[in-house]
Amino acid sequence: GNSVTQMEGPVTLSEEAFLTINCTYTATGYPSLFWYVQYPGEGLQLLLKATKADDKGSNKGFEATYRKETTSFHLEKGSVQVSDSAVYFCALTLYNQGGKLIFGQGTELSVKP
Amino acid sequence: EAGVAQSPRYKIIEKRQSVAFWCNPISGHATLYWYQQILGQGPKLLIQFQNNGVVDDSQLPKDRFSAERLKGVDSTLKIQPAKLEDSAVYLCASSLAGELFFGEGSRLTVL
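Residues numbered from 1 in each chain as written. Chains lettered and ligands numbered in written order. Predicted model: local features only at pLDDT ≥ 70, side-chain atom pairs only at ≥ 80, totals over all residues. Heavy atoms only, no water.

Novice: Sorry, what's going on with the environment of B:Ala82 here?
Specialist: Residues and elements named next belong to chain B. Tracing the backbone shows alanine 82 in the loop between β8 (75–79) and β9 (88–96). Here alanine 82 falls in the buried class, since its relative accessible area comes to 3%. Measuring from C-alpha to C-alpha, the distance between alanine 82 and proline 8 comes to 16 Å, with 74 residues separating the pair along the chain. Excluding residues within four positions of it along the chain, alanine 82 makes contact with Ile13, Lys15, Arg16, Gln17, Arg64 and Val110. (Helix = DSSP H or I, 4+ residues; strand = E, 2+ residues; numbered from the N terminus. Buried < 20%, exposed > 50% of the residue type's maximum accessible area, 1.4 Å probe, protein only. Contact = heavy atoms within 4.5 Å.)

Novice: Teacher, can you tell me more about the sheet that holds strand β9 (residues 75–77) of chain A here?
Specialist: What links the strands of a sheet is backbone hydrogen bonding, and the strands pair in either a parallel or an antiparallel sense. Residues and elements named next belong to chain A. The strand order across the open sheet formed by four strands is β3-β9-β8-β7, and the pairing between neighbours is antiparallel. Either end of the sheet is taken by a strand with one partner, and the two such strands are β3 (19–21) and β7 (56–59). Taken over all neighbouring pairs, the strand axes of this sheet differ in orientation by 15 degrees on average, direction set aside. Of the strand pairs in this sheet, β3 and β9 are connected by three bridges, and their pairing is antiparallel. The residue bridging leucine 19 from the neighbouring strand is lysine 77, located in β9. (Pairing = 2+ DSSP bridges. Axes fitted to C-alpha atoms, helices over the stretch in contact; angles between N-to-C directions.)

Novice: I'm lost on the environment of B:Lys62 in this one. Help?
Specialist: Residues and elements named next belong to chain B. You can see lysine 62 is positioned in the loop between β6 (53–56) and β7 (65–68). For the pair formed by lysine 62 and alanine 82, sequence separation is 20 residues and the distance between their alpha carbons is 12 Å. Of note is the side chain of lysine 62, whose polar atom sits 2.8 Å from the backbone oxygen of aspartate 57. (Polar contact = N/O pair within 3.5 Å; in protein donor to acceptor, adjacent residues only side chain to side chain.)

Novice: I'm lost on the interface of chain A and chain B in this one. Help?
Specialist: When the parts of a complex come together, some accessible area is lost, and that lost area is often taken as the interface size. Between chain A and chain B, the residue contacts involve 15 residues of the former and 17 residues of the latter. Summing both sides of the interface, chain A and chain B together bury roughly 1,200 Å²; the carbon and sulfur share of this comes to 52%. If you sort the residues of chain A by the area they bury against chain B, A:Leu44, A:Lys100 and A:Phe103 come out on top, with a joint share of 34%. Summed over the shared surface of chain A and chain B, the result is one salt bridge. One salt bridge in this structure joins A:Lys100 and B:Asp56, with 2.7 Å as the shortest N-O distance. Seen at the junction of chain A and chain B, the total is two residue pairs in polar contact (both at pLDDT 80 or more). When contributions to the side of chain A that touches chain B are tallied by element, the ones reaching two or more residues are β5 (32–38) and β6 (44–50) of chain A. Taken together, the residues that form the side of chain A that touches chain B break down as six nonpolar, eight polar and one charged. (Buried area = accessible area lost by both parts, 1.4 Å probe. Salt bridge = Lys/Arg side-chain N within 4 Å of Asp/Glu carboxyl O. Nonpolar A, V, L, I, M, F, W, Y, C, P; charged D, E, K, R; others polar.)

So, in structure tokens, the structure goes:
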């Protein structure tokens, strides 16, 4: 079946540290890949996406590259801020699934000043 | 532009009681989704509507959960009777051109 696996959290970093959150997927066909972010007390927001192999999604200093050969979509940021503290979800959708998202379990990030 | 509105934000009930959640999607969004997010897990799709028709309800526990979307706009999700394992955040999302927009969710605690 189709699924998404993320590295377990919580991840605790100091401000300005480098961030990597691993995400791998299993899919029948060629999915589109997403990262969503959930700030405390708020709803899920789309952070970035990539729709085909080798595409790089980027937003707010975050980047992720769609790697078909390793079935991965790791999230990276060069220098995290306290305001990046949130839960990050990797997700996929397949073109014939009507837009529904399949999510990973989420990774909590805590950035300390 | 107004976002996806959900109510109530919080609800505490005893097991075997019933509860209903309401969602008002972004104006013009034809597709509406209900997700269940159990603590420590990612959201799981319960049901997807296209206008007022059901597209996918394969993960909806139909013996206790029901959902409707009258007139293709607002939607309600009902649980009757509730079980302890239904404690979760219920997220509503709507989409246009493939991007999903989520509400803040309704947190249900079943005691």
